[in-house]
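Inside the fold
Chain residues, written in single-letter form:
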Amino acid sequence: MPLFTRTFLQLKERQLQLQRREPYVRSAIITVLVLIAYFMGYGLDELVPTHVTAAVIGALWSAVTVLAVFKDHWQETRSSFWATLISGILGALAAVIYLIYLPPNMGSLAVVIGLSLLLSQILGFADRGRQVVSTLLLIVIFSHLNTSPPWLNATMRMGEVLLGAMVGLFGGYMLHVLPVIRAK
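For every chain, the first residue of the written sequence is number 1, and numbering continues from 1 along that sequence. In view of the model being predicted, local features appear only for residues whose pLDDT reaches at least 70, and side-chain atom pairs are presented and counted only at 80 or more, with totals across whole chains, interfaces and linings using the full set of residues. Only hydrogens and water are set aside; all other atoms, that is, all heavy atoms of the structure, feed into the side-chain values.

Here is the rule we go by: UniProt positions are given in the numbering used here, feature names are shortened, and annotations may be inferred rather than shown by experiment.
Taking an unreviewed UniProt entry as the reference, the protein is identified by name as Integral membrane bound transporter domain-containing protein belonging to Acidithiobacillus caldus. The protein has a UniProt comment under Subcellular location (unreviewed entry) that states "Membrane".

**A short note on the packing of aromatic side chains**
Here is the rule we go by: Centre distance within 6.5 Å is the pairing criterion for rings of Phe, Tyr and Trp, where only the six-membered ring of Trp is used; planes under 30 degrees apart are then read as stacked, over 60 as edge-to-face, and the remainder as tilted. Type-normalised accessible area, obtained with a 1.4 Å probe on protein chains alone, sets the label of each residue: buried when under 20%, exposed when over 50%, and partly exposed for intermediate values.
Here the structure, examined in full by the defined rule, presents four aromatic pairs. Summarising the aromatic geometry, the rings of Tyr-38 and Phe-39 are spaced 5.3 Å apart at their centres and angled 85 degrees between planes, so their arrangement reads as edge-to-face. Centroid distance Phe-81 to Trp-82: 5.0 Å. Interplanar angle 80 degrees. Geometry classified as edge-to-face. With relative accessibility at 7%, the residue Phe-81 sits in the buried group. Under the relative-accessibility criterion, Trp-82 is labelled exposed at 51%.

**Overview of the UniProt feature "transmembrane region" (unreviewed entry) in the protein**
The line we're drawing: Working definition: helices are DSSP H or I runs of at least four residues, strands are E runs of at least two. Numbering for both runs from the N terminus.
Per the UniProt record, "transmembrane region" (unreviewed entry) is found at residues 24-44, 50-70, 82-101, 107-125, 132-149 and 161-181. End-to-end, the C-alpha atoms of residues 107-125 are 24 Å apart, and along that stretch the chain is 84% helix and 0% strand. Across residues 132-149, helical content stands at 78% and strand content at 0%; the span's end C-alpha atoms are separated by 20 Å.

**A look at the nonpolar core**
What counts, and what does not: We define a nonpolar core as any set of buried Ala, Val, Leu, Ile, Met, Phe, Trp, Tyr and Cys residues linked to one another through side-chain atoms lying within 4.5 Å. Contact criterion: two residues are considered in contact whenever any of their non-hydrogen atoms come within 4.5 Å of each other.
One finds Ala-92, Ala-94, Ala-95, Val-96, Tyr-98, Leu-109, Val-112, Leu-136, Ile-139, Val-140, Ala-154 and Met-158 forming the largest nonpolar core, which totals 12 residues. Of all elements in the fold, only helix H4 (74-101), helix H5 (106-122), helix H6 (129-145) and helix H7 (150-177) reach the threshold of two or more residues within this core. Examining the composition of this core, we find that five residues originate from one element, H4, more than from any other. Excluding anything up to four places from it in sequence, Met-158 contacts Leu-85, Gly-88, Ile-89 and Ala-92.

**Some thoughts on the pattern of salt bridges**
When charged atoms on two side chains of opposite charge get close, those side chains can pair. This is how it is decided: Take a side-chain nitrogen of Lys or Arg and a carboxyl oxygen of Asp or Glu: if they are within 4 Å of each other, that pair is a salt bridge.
Summed over the entire model, instances satisfying the criterion amount to three salt bridges. Across the salt bridge formed by Arg-26 and Asp-72, the nearest N and O atoms sit 3.1 Å from each other. In this pair, Arg-26 sits in helix H2 (residues 22-47) while Asp-72 sits in the loop between helix H3 (55-69) and H4, placing the two residues 46 residues apart along the sequence. Where salt bridges share partners, they join Asp-45, Arg-157 and Glu-160 into one cluster.

**Concerning the packing of H5 against H6**
Packed helix pairs are specified by the crossing angle of their axes together with the interaxial distance, meaning the distance between the axes. Quick note on the threshold: Axis definition: a line fit to C-alpha positions, over the contact stretch in the case of helices; interaxial angles, taken between N-to-C directions, run 0 to 180 degrees. For any pair of crossing helices, the crossing counts as left-handed if the nearer helix is rotated counterclockwise from the farther one by less than a right angle, and right-handed if it is rotated clockwise. Each residue receives one of three labels: charged for Asp, Glu, Lys and Arg, nonpolar for Ala, Val, Leu, Ile, Met, Phe, Trp, Tyr, Cys and Pro, and polar for the others, Gly being one of them.
The N-to-C vectors of H5 and H6 enclose an angle of 145 degrees; their axes lie 8 Å apart at closest approach. Considering how the two elements wind past one another, H5 and H6 form a crossing that is right-handed. Judged by residue contacts, Leu-109, Val-112, Ile-113, Ser-116, Leu-117 and Ser-120 of H5 engage Gly-129, Arg-130, Val-132, Val-133, Leu-136, Leu-137 and Val-140 from H6. The residue inventory of the contact of H5 with H6, partitioned by class, reads nine nonpolar, three polar and one charged.

**Notes on the side chain of Thr-84**
Mapped onto the fold, Thr-84 is located in helix H4. Those residues within four positions of Thr-84 in sequence are excluded, and the remaining contacts are Thr-65, Ala-68, Val-69, Arg-128, Gln-131 and Val-161.

**What to know about H6**
Under the convention used in this document: One less than the residue count of a helix, multiplied by 1.5 Å, gives the span that helix is expected to have.
Counted at 1.5 Å a residue, the expected span for H6 with its 17 residues is 24 Å, and the 24 Å between its end C-alpha atoms agrees. Looking at the packing, one finds that the buried side of H6 touches H3, H4, H5 and H7.

**Re the side chain of Ser-80**
You can see Ser-80 is positioned in helix H4. With a relative accessible area of 3%, Ser-80 lands in the buried category. Leaving out residues up to four positions away in the same chain, Ser-80 has contacts with Ala-68, Val-69, Lys-71 and Arg-128.

**Topic: the packing of H2 against H7**
Applied cut-off: An angle below 35 degrees is treated as roughly parallel, one above 145 as roughly antiparallel, one from 65 to 115 as roughly perpendicular, and anything else as oblique.
Following both chains from N to C, one finds H2 and H7 inclined at 150 degrees, their axes separated by 9 Å at the closest point. Relative to H7, the element H2 lies roughly antiparallel. The handedness of the crossing between H2 and H7 comes out as right-handed. Seen from H2, the contacting residues are Arg-26, Ile-29, Leu-33, Ile-36, Ala-37, Met-40, Gly-41, Leu-44 and Asp-45; seen from H7, they are Met-156, Arg-157, Gly-159, Glu-160, Leu-163, Gly-164, Val-167, Gly-171 and Leu-175. In terms of residue class, the contact of H2 with H7 is built from 10 nonpolar, four polar and four charged.

Here is the structure:
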């Protein structure tokens, strides 16, 4: 089939999809879940007085976690929930080890990143290695921005990840139990 014809058919198919209500309902649901996680993450960060300056960033981390967990199918959402939590824990542990025991330079950070990615692959979370490193780097950044101990920064990030993951899991479960969107 010629490229022009294939492209035209794909555009026509997308146009038909946008005429149904499912894309709009799905977008609205995901937006609501992201907002719920944001406000919960903000509230969590306001509970820790030494951490208030990072409340907005922490709230955004909770919101981003919803997007990492929430999937189109319940089984995928459930699997993504556990993978996200384990990836967050691995990243937090790697960050605390780096911040407490290693000299703060790019060489030791590169070693920790490489070992974290390798451990992710060994444990079967190769597809979540980037998430492990993202958590690691976020905790390192927070530790350089404020005077809180590394374990507190890691604990706060894990709390934000847990909140976002639970909101994403809840949203996936609600769509599974109360199917608002019917796949055709």
